[in-house]
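Chains, contacts and geometry: an overview
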Amino acid sequence: MPRHHATPRRFLLCPPAHFKVTYSINPWMDPTKPVDVPLAVAQWEDLRDRYRSLGHTVEELEPRPELPDMVFAANGATVIDGRVLGARFAHPERAAEADAHLAWFRARGWREVREPVHVNEGEGDFAVTASYVLAGRGFRASPLSHGEAQEYFGRPVIGLDLVDPRFYHLDTALSVLDDRGDDVMYYPGAFSPGSRAVLARLFPRALVVAERDAAALGLNAVSDGLHVLLPQAALGLFEPLRARGYEPIGMDLSELLKGGGSVKCCTLELRP
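Residues numbered from 1 in each chain as written. Predicted model: local features only at pLDDT ≥ 70, side-chain atom pairs only at ≥ 80, totals over all residues. Heavy atoms only, no water.

Some points on the sheet that holds strand S12 (residues 222–223)
- Within the open sheet, the three strands sit side by side as S12-S13-S14. Their pairing is mixed. What marks the edges here is a single partner per strand, and that holds for S12 and strand S14 (247–251).
- Note: S12 against strand S13 (residues 227–231), two bridges, orientation antiparallel. What sits directly across from Val222, in S13, is Leu229.
- This element, helix H1 (residues 37–53), spans S12, S13 and S14 of the sheet and lies at about 155° to S14. (Pairing = 2+ DSSP bridges. Helix = DSSP H or I, 4+ residues; strand = E, 2+ residues; numbered from the N terminus. Contact = heavy atoms within 4.5 Å. Axes fitted to C-alpha atoms, helices over the stretch in contact; angles between N-to-C directions.)

Here is the structure:
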């Protein structure tokens, strides 16, 4: 069994104080289903507190009443090697979130902060491994954002085509388990045939996930290299993760699932 160890992380989260579903911009969102905001806040606080109990640093972004999806902080930027590439949202309902994130970074002294030219939704469609930046496209991010990210970060960017509307962001279809290596898990059905072939070539030892666990948003997970926080409903992932030497931790973010997000969507990693 591989030996894994956790490394301390720094995360940015945003409380769901104003979370609601009043529009539909992905197949998970149904404005006819009411949101229990106190329950959403309690579930989010459990995630925040779990990160801290594992030794990670959590910073908080102030939510804005007019931006109900701000809780999905992963979409607001991508941070690699201390460089911040902001977001440019595909839908007008979320557009103002981009400025809120950029203002947060600038107010805290981050020096390399770039407003993007092309549409990208942060870590929704950018995932970082030791060797690559994996980049989703097909529903939200512009393919032109991939070249923009490669030029800015100076890391090879691998474009992957998403074809199933349920998996509208890369972080719903693929998760990085250990970014000190190239260990990932993914659901093949979310990707085009060519992209599946690329993933098989780049990650021959990847954990290939079944549809039922992907449909529970089981791939919307965060790993610190040892602990893997993931939706507790993705029951089929726990034993395979343990068999690979990881420690899965099930989280209940069922209220936030009404917006099409879970653990990873709520978590922006601040990579120094």
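Structure shown, so let's carry the discussion forward.
Details of the nonpolar core
- In terms of nonpolar packing, the biggest core is built from 34 residues, with Leu134, Leu174, Met185, Phe191, Leu237 and Leu241 touching the most fellow members.
- Mapped by element, the contributors of at least two residues to this core are strand S8 (157–161), strand S9 (174–178), strand S10 (183–186), S13 and helix H6 (238–243).
- Listed in part, the 20 residues of the second largest apolar core include Phe11, Phe19, Ile249 and Cys265. (Core = buried A, V, L, I, M, F, W, Y, C linked by side-chain atoms within 4.5 Å. Buried < 20%, exposed > 50% of the residue type's maximum accessible area, 1.4 Å probe, protein only.)

As for the side chain of Thr267
- Within the secondary structure layout, Thr267 lies in the loop between helix H7 (254–257) and strand S15 (268–269).
- When sequence neighbours within four positions are dropped, the list of residues in contact with Thr267 reads Phe11, Leu12, Leu13, Leu47, Tyr51, Ala74, Glu123 and Val222.

With respect to the layout of surface pockets
- Roughly 190 Å³ of internal volume is contained in the largest pocket.
- Around the largest pocket, the lining comprises 15 residues; the ones closest to its centre are Arg9, Asp179, Glu269, Arg271 and Pro272.
- Split by residue class, the lining of the largest pocket holds six nonpolar, two polar and seven charged. (1 Å grid on protein atoms, 1.4 Å probe; cavity = no way out; pocket = protein on both sides within 12 Å on 5 of 7 lines; lining within 4 Å. Points joined across faces, edges and corners; volume = space filled by probe spheres on them. Nonpolar A, V, L, I, M, F, W, Y, C, P; charged D, E, K, R; others polar.)

Describing the sheet that holds strand S7 (residues 133–137)
- Judged by pairing direction, the sheet is mixed, and its three strands sit side by side in the order S6-S7-S8 without closing on themselves. In this open sheet, the two edge strands, each paired with only one partner strand, are strand S6 (126–128) and S8. Taken pair by pair, the neighbouring strands of this sheet meet at an average axis angle of 25°, ignoring direction.
- As paired strands, S6 and S7 are joined by three bridges and run antiparallel to one another. Among the inter-strand pairings, Val128 is bridged to a residue of S7, identified as Val133.
- Lying on the sheet, helix H3 (residues 144–153) is in contact with S6, S7 and S8; it crosses S8 at an angle near 160°.

As far as function goes, none of this settles anything; it's purely spatial.
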